[in-house]
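Architecture at a glance
Here is how the chains run, residue by residue.
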Amino acid sequence: MTTAINFHKAKFIHSAPSIRECPPEDGIEVAFAGRSNAGKSSAINTLTNNHKLARVSKTPGRTQLINFFELSSTQRLVDLPGYGYAKVSREQKELWQRYLSEYLRERRCLHGLILLMDIRHPLQEFDTTMLDWATGSNMPVHILLTKADKLSRGQAGSALLDVKKQIKNARLNELVSVQTFSSLKNTGLDDLKTKLQSWLAPVDESAETIPEESEKPQQN
Ligand SMILES: Nc1nc2c(ncn2[C@@H]2O[C@H](COP(=O)(O)OP(=O)(O)OP(=O)(O)O)[C@@H](O)[C@H]2O)c(=O)[nH]1
Ligand SMILES: [Mg+2]
């Protein structure tokens, strides 16, 4: 038995510039990653129904720190800095990439990665690097094709099929799943919640095997 997570209870707890400043590794964490401007902070706000929680901006590169949001003392969501923003210096870019790879490799409580990509430009350079980093260490990835409201239903459906095909061709379909999403229209919100629930509150198999009344040892 598991209890449904109340995503609306999320609260900001901490900003960290690098893995060394992250909070203790108690419980389970799921991180949101993707190119700058892909819609990570917006997705977290939509999920938690709190549009002031993560900072959203028209200026790409807004989220420059690793931001932690707590759902309970043992369940956290993490908003990672976006990558691929053209206007930052090469040194800054390399530093962010180092922090991201450190976080993905070293954070033991990280149980899954939500990888966001603009549905109009999926699987760009570095998205595939992120996929390789995560799947290379056996970490499941759930891709959100964001801003689906920018395309017609038919176009969004064929973009989804195309990404699914590429994942299958790369033989990643056991670890990687994909869906369309829109923070503007709440499209795909239930599917995202179901995926997060399965990572953050996995079903306790042992709880399912409580013996029937008649099988319990007799007490004198
Ligand atoms: N139309 C539409 N716009 C969106 C959607 N999600 C985000 N946006 C817009 O895209 C821009 C970037 O959104 P953010 O959520 O700040 O993106 P981010 O990935 O957190 O960006 P960084 O913090 O720079 O890495 C903002 O102007 C949002 O309003 C969506 O589903 N539909
Ligand atoms: Mg952001």
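All values reported here derive from a predicted model rather than from experimental measurement. (Residues numbered from 1 in each chain as written. Chains lettered and ligands numbered in written order. Predicted model: local features only at pLDDT ≥ 70, side-chain atom pairs only at ≥ 80, totals over all residues. Heavy atoms only, no water.)

**Some remarks on the pairing of strand β4 (residues 75-79)**
The element β4 is largely enclosed, with a buried count of 5 among its 5 residues. Of the two faces of β4, both are covered, the one formed by Gln75, Leu77 and Asp79 as well as the one formed by Arg76 and Val78. Of the strand pairs in this sheet, strand β2 (residues 28-34) and β4 are connected by 5 bridges, and their pairing is parallel. Among the inter-strand pairings, alanine 31 is bridged to a residue of β4, identified as valine 78. Pairing of strand β3 (residues 66-72) with β4 involves 5 bridges; the strand directions are antiparallel. Bridging across to β4, phenylalanine 69 finds its partner in leucine 77. Taken together, β3 and the strand that follows it, β4, pair antiparallel across an intervening segment of 2 residues. (Buried < 20%, exposed > 50% of the residue type's maximum accessible area, 1.4 Å probe, protein only. Helix = DSSP H or I, 4+ residues; strand = E, 2+ residues; numbered from the N terminus. Pairing = 2+ DSSP bridges.)

**Quick notes on the environment of phenylalanine 126**
The topology assignment puts phenylalanine 126 in the loop between β5 (110-118) and α3 (127-136). Taking the relative accessible area as the measure of exposure, phenylalanine 126 reaches 12% and is therefore buried. When the C-alpha positions of phenylalanine 126 and glycine 84 are compared, they lie 7.6 Å apart, and in sequence the two are 42 residues distant.

Remember that the coordinates give geometry; whether it matters functionally is a separate question.
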